[in-house]
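The residues making up each chain are set out below.
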Amino acid sequence: MEKKVNFEVIVKPSRDQKSIYATDAFPAVSNLQEYKPPMDKNVEVGRKLERIGITVHHIGEYSISASCTAKQFEKIFHTKIRKHKFRTTEAIAGQKEFVMNSPGQEDPFEIPTDEGLDQLIERAYIQHTPQYFSTERTIPPFWNDKFRLRVPSDVAQIMKVSSLHKRGITGDGVKVAMPDSGFYHHPYFIEQGYNFLSIAAPDTVDHTTDFSGHGTGECANLFATAPGINFIGVKMDNPTLAFKTAVEMKPDVITCSWGYSLDKPETSMPNFLIPLHLAILDAVSKGITVCFSAGNGHFSFPGAMPEVISVGGVVVDENLNYSATAYASGFTSTWFPGRKTPDVCGLCGELPTADYIVLPVMSGADLEKEDGWGAFSGTSAASPMVAGVCALLKQVDKNLTPDEIKNILKYTAKDIVAGTNAHGKTAAPGPDEATGYGLVDADRAINALL
Amino acid sequence: MLGQLLDIMEDELINFDILFGEKVKDETARNIPSIDQHKPPFEIVEKCRRFLVEKGITCHSHDFGLSCSAPKLVIEKVFQTKLIKNSESSYLDYWRFSNSPKIPDEILQDISQITFPPPPELF
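Here the structure is a predicted model, which means the values were calculated and not measured.

1. Focus: the overall build of chain A
Regarding its fold elements, chain A presents 11 helices and 19 strands. Since a compact globule built from 450 residues should have a radius of gyration of about 22 Å, the 29 Å found for chain A marks it as more spread out than a globular shape. Viewed in the frame of its principal axes, chain A has a C-alpha envelope of about 90 × 50 × 40 Å. Within chain A, the fraction of its 450 residues that count as buried is 57%. When contacts within chain A are restricted to residue pairs at least 6 apart in sequence, long-range pairs at least 24 apart make up 74% of them. Computed over 42 positive and 53 negative side-chain charges, the inter-centroid distance for chain A is 1 Å.

Now the structure itself:
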């Protein structure tokens, strides 16, 4: 589809009028009439513009609103449209770059002579999409259309971490890394006083920009369960390189809310995943606890690796009914015989949209709903919540191995006995493929250690 | 010459990973007890890294190989074959060589596989 440009055409003033572009022009309410061309002249110009192929949307008293394709504009006005990028000030939250498509200063620009338009038109200017000066709230908004959880309080309460935080078990001194789409330094994180560091993997730039909103939002789930951690967000392009960059930061825990839906019956691992497979094995062999989302109906790798904590989803409604969610994965791996996912669960929304947890995002991000906040929560939300509980365990006992942490989480989890997951597996008493061992219960997990 | 340089500058950067040594096809054979067997000698990784950097490829070395990125034209020139992008939605076919790549003689004995990681799905 061809790129369209919108532009405003200003008609030349009559002899007895002033040009709005004269050096001494100073339009005000009191003298506006002096700059107004005769309306019939504007109509004439509008009709002539249409005759040369331009779409006229509105003929106003002071200018004509029109549009055409960029190529047409270049041909008609004998010019060249270029992309100009400007950095905006930090005060304009979230919008770091402003893009304009227009002729540059050095480019030619001529009013067309067709239909005698050069005698009638004074100027024509491309109009750009303006910047949106939205502001980001420091606390999550209430949206009344449906029941949703808010960070940090609701998530903390259901994951049973609130009492632990009061006892000083917050993940203090534990390093957690998270490769994802980017990590915008949202005012919410600053207001909460979190230890929030973000870096760029070597193949990315501008780690604080997150046009998706995914990384920024999901890490709020991690802080909800472990507000005292030292967080390192790694902006990702090549996921293998981002994961290895996370490992090089020597974290205690890594959480990943992404994967590939490829571990399906009668398949084997494609070659491109072998480097990532090795990198994850290497991380676990170094004593790093690795959590991966089990997927949202996906047959997810690396979420199916036996060495990681595979995190599925449980939904809790306003009446505190706990059930498996049809949004979350739970399946038997083909690639790793005998492996069933998930191991345990965090909180996750329900079909169709899973817009269940209100999370901070960069203004203008894809996931934004309003004022720098969005509502989303697949197993992407569940994995960082569980990773936060892993951090609490590491704070209490630094020597715990990844296997020990996984076992503690499994055997202390709240068994879920209702609901069906995305793969049609029904939750029942005891471990099952709908929710694994159930929803992580941080309080019981920590008490198992003390 | 200048035109070709401009083409390279405007070209999309493509990520790829290089593994060394014997290819292990069975994923269950790659596990924590065997992880050290998959680590190639540092000298080999470093030799290949230097060679590829000289050819204009950005390389990040790690325990198991190299994570690289370069403009499409550079990769095609080094490995003497075309790169094909089938579909952005199907990540198995995101980028691939149109024919078997010709790995330069200097590193031919060392490299076991070159893969193009597509972006994962965010859950």
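Additional details are given in the paragraphs that follow.
2. Details of the packing of aromatic side chains
Two descriptors summarise a pair of aromatic rings, namely the distance from one centre to the other and the angle between the planes of the rings. Residue and element names in this part refer to chain A. Inspection of the entire model under this criterion finds 29 aromatic pairs over all chains. Summarising the aromatic geometry, the rings of Phe-7 and Phe-73 are spaced 5.0 Å apart at their centres and angled 70° between planes, so their arrangement reads as edge-to-face. Residue Phe-7 is found in strand β1 (residues 4-11), and its partner Phe-73 is found in helix α2 (residues 70-76); the two are separated by 66 residues along the sequence. As far as burial versus exposure is concerned, Phe-7 and Phe-73 are alike and both buried. Following the ring pairs from residue to residue traces out a cluster consisting of Phe-183, Tyr-188, Phe-189, Tyr-194, Phe-196, Phe-223, Phe-231 and Trp-373.

3. Comments concerning the sheet that holds strand β7 (residues 149-150) of chain A
Residue and element names in this part refer to chain A. On the basis of which strands lie adjacent, the open sheet formed by 3 strands has the order β7-β18-β19 and mixed pairing. The sheet is open, and its two borders are formed by β7 and β19 (373-375), each paired with just one other strand. As paired strands, β7 and strand β18 (residues 357-360) are joined by 2 bridges and run parallel to one another. Counterpart to Arg-150 in the pairing with β18 is Val-358.

4. Topic: the environment of Trp-143 of chain A
Residue and element names in this part refer to chain A. For Trp-143, the location among the structural elements is in the loop between β6 (121-127) and β7. In contact with Trp-143, other than residues within four places in its own chain, are Arg-148, Val-358, Lys-369, Glu-370, Trp-373, Gly-374 and Ala-375. Polar contacts involving the side chain of Trp-143 include one to the side chain of Glu-370, which spans 3.3 Å.

5. Remarks on the interface of chain A and chain B
A common measure of how large an interface is: the accessible area buried when the components associate. At the junction of the two partners, chain A supplies 46 residues and chain B supplies 30 residues. Interface of chain A and chain B: buried area, both sides summed, is about 3,200 Å²; carbon and sulfur atoms make up 66% of it. Inspection of the chain A/chain B interface yields 2 salt bridges. Of the charged contacts, one joins Lys-286 of chain A and Asp-63 of chain B as a salt bridge, the two residues approaching to 3.3 Å between their closest N and O atoms. At the boundary of chain A with chain B, the tally comes to 14 residue pairs in polar contact (both at pLDDT 80 or more). Of all the secondary structure elements, the ones that give two or more residues to the side of chain A that touches chain B are α7 (239-248), β12 (258-261), α8 (274-285) and α9 (379-396) of chain A. If one sorts the elements of the side of chain A that touches chain B by residue count, α8 of chain A sits on top with 9 residues.

6. Looking at the sheet that holds β6 of chain A
Working definition: the strands of a sheet are paired by backbone hydrogen bonds and lie parallel or antiparallel to each other. Residues and elements named next belong to chain A. One open sheet holds the 4 strands; their spatial order is β2-β3-β1-β6, and the pairing between them is antiparallel. Of all strands in the sheet, those bounded by a partner on one side alone are β2 (55-59) and β6. Pairwise comparison of adjacent strand axes, ignoring direction, gives a mean angle of 25° for this sheet. In terms of strand pairing, β2 meets strand β3 (residues 64-69) through 4 bridges, oriented antiparallel. Bridge pairing links Val-56 to Ala-66 in β3. Where helix α1 (residues 39-51) meets the sheet, it contacts β1, β2, β3 and β6, and its direction lies at approximately 165° from that of β2.

7. Considerations on the side chain of Ser-181 of chain A
By the element assignment, Ser-181 of chain A lies in the loop between β8 (175-180) and α5 (187-192). Overall, the relative accessible area of 16% leaves Ser-181 of chain A in the buried class. Looking at Ser-181 of chain A, its side chain comes within polar contact range of the side chain of Asp-180 of chain A, at 3.3 Å. A distance of 2.8 Å separates the side chain of Ser-181 of chain A from the side chain of Asp-210 of chain A, its partner in a polar contact. Leave out the neighbours within four places in its chain, and Ser-181 of chain A touches Thr-209, Asp-210, Ser-212, Gly-213, His-214, Gly-215 and Lys-235 of chain A together with Leu-122 of chain B.

8. Observations concerning the pairing of strand β10 (residues 230-235) of chain A
Residues and elements named next belong to chain A. The buried fraction of β10 amounts to 5 of the 6 residues, a majority that puts the element mostly inside the structure. Both β8 and β10 contribute to a ladder of 6 bridges, which runs parallel. Opposite Asp-180, over in β10, you have Lys-235 as the bridge partner. Bridge count between strand β9 (residues 195-200) and β10: 6 bridges; the pairing is parallel. Bridged to Asn-195 within β10 is Asn-230. Note on the crossover from β9 through helix α6 (residues 214-225) to β10: the handedness is left-handed.

9. Section: the pattern of salt bridges
Residue and element names in this part refer to chain A. This structure, assessed with the given rule, holds 24 salt bridges over all chains. Measuring nitrogen to oxygen at the nearest pair gives 3.1 Å for the salt bridge that ties Asp-355 to Arg-148. With a gap of 207 residues between them, Asp-355 in the loop between β17 (344-347) and β18 and Arg-148 in the loop between β6 and β7 connect regions that are remote in the sequence. Note on Asp-355: relative accessible area 17%, which makes it buried.

10. A closer look at the nonpolar core
Residue and element names in this part refer to chain A. Within the largest apolar cluster, 71 residues are counted, with the highest numbers of intra-cluster contacts made by Met-159, Val-386 and Leu-409. Of the residues forming this core, the biggest block, 10 residues, is contributed by α9. Sequence-distant contacts of Val-386, that is, excluding residues within four places in its chain, are made with Met-159, Cys-291, Ile-309, Val-311, Val-344, Cys-345, Gly-346, Leu-409 and Val-440.

11. Some remarks on the side chain of Ser-34 of chain B
Among the secondary structure elements, Ser-34 of chain B is positioned in the loop between β1 (13-20) and α2 (42-54). Accessibility expressed as a relative area gives 9% for Ser-34 of chain B, which makes it buried.

12. A closer look at the packing of α6 of chain A against α9 of chain A
Residues and elements named next belong to chain A. It is the contact of α6 with α9, at a shortest axis distance of 7 Å, that shows an interaxial angle of 35°. Along this stretch, α6 crosses α9, giving a crossing that reads as right-handed. The residues of α9 that touch α6, namely those facing His-214, Glu-218, Asn-221, Leu-222 and Thr-225, are Ser-380, Ala-381, Pro-384, Met-385, Ala-387, Gly-388, Val-389 and Leu-392.

13. So, the state of the cysteines
Throughout the structure, instances matching the rule amount to 0 disulfides over all chains. Free cysteine: Cys-390 of chain A, not disulfide-bonded; nearest cysteine sulfur from Cys-291 of chain A at 3.9 Å. For Cys-390 of chain A, a relative accessible area of 0% puts it in the buried group. The thiol of Cys-59 of chain B is not disulfide-bonded; the next cysteine sulfur, from Cys-68 of chain B, is found 3.7 Å away.

What counts and what doesn't
- Residues numbered from 1 in each chain as written.
- Chains lettered and ligands numbered in written order.
- Predicted model: local features only at pLDDT ≥ 70, side-chain atom pairs only at ≥ 80, totals over all residues.
- Heavy atoms only, no water.
- Helix = DSSP H or I, 4+ residues; strand = E, 2+ residues; numbered from the N terminus.
- Rg over C-alpha atoms; globule rule 2.2 N^0.38 Å.
- Buried < 20%, exposed > 50% of the residue type's maximum accessible area, 1.4 Å probe, protein only.
- Contact = heavy atoms within 4.5 Å.
- Lys, Arg positive; Asp, Glu negative; His and termini not counted.
- Charge placed at Lys NZ, Arg CZ, Asp CG, Glu CD.
- Phe/Tyr/Trp six-rings, centres within 6.5 Å; stacked < 30°, edge-to-face > 60°.
- Pairing = 2+ DSSP bridges.
- Polar contact = N/O pair within 3.5 Å; in protein donor to acceptor, adjacent residues only side chain to side chain.
- Buried area = accessible area lost by both parts, 1.4 Å probe.
- Salt bridge = Lys/Arg side-chain N within 4 Å of Asp/Glu carboxyl O.
- Axes fitted to C-alpha atoms, helices over the stretch in contact; angles between N-to-C directions.
- Right-handed = clockwise from strand over helix to strand, strands pointing away.
- Core = buried A, V, L, I, M, F, W, Y, C linked by side-chain atoms within 4.5 Å.
- Left-handed = near helix turned anticlockwise from the far one by under 90°.
- Disulfide = S-S within 2.5 Å.

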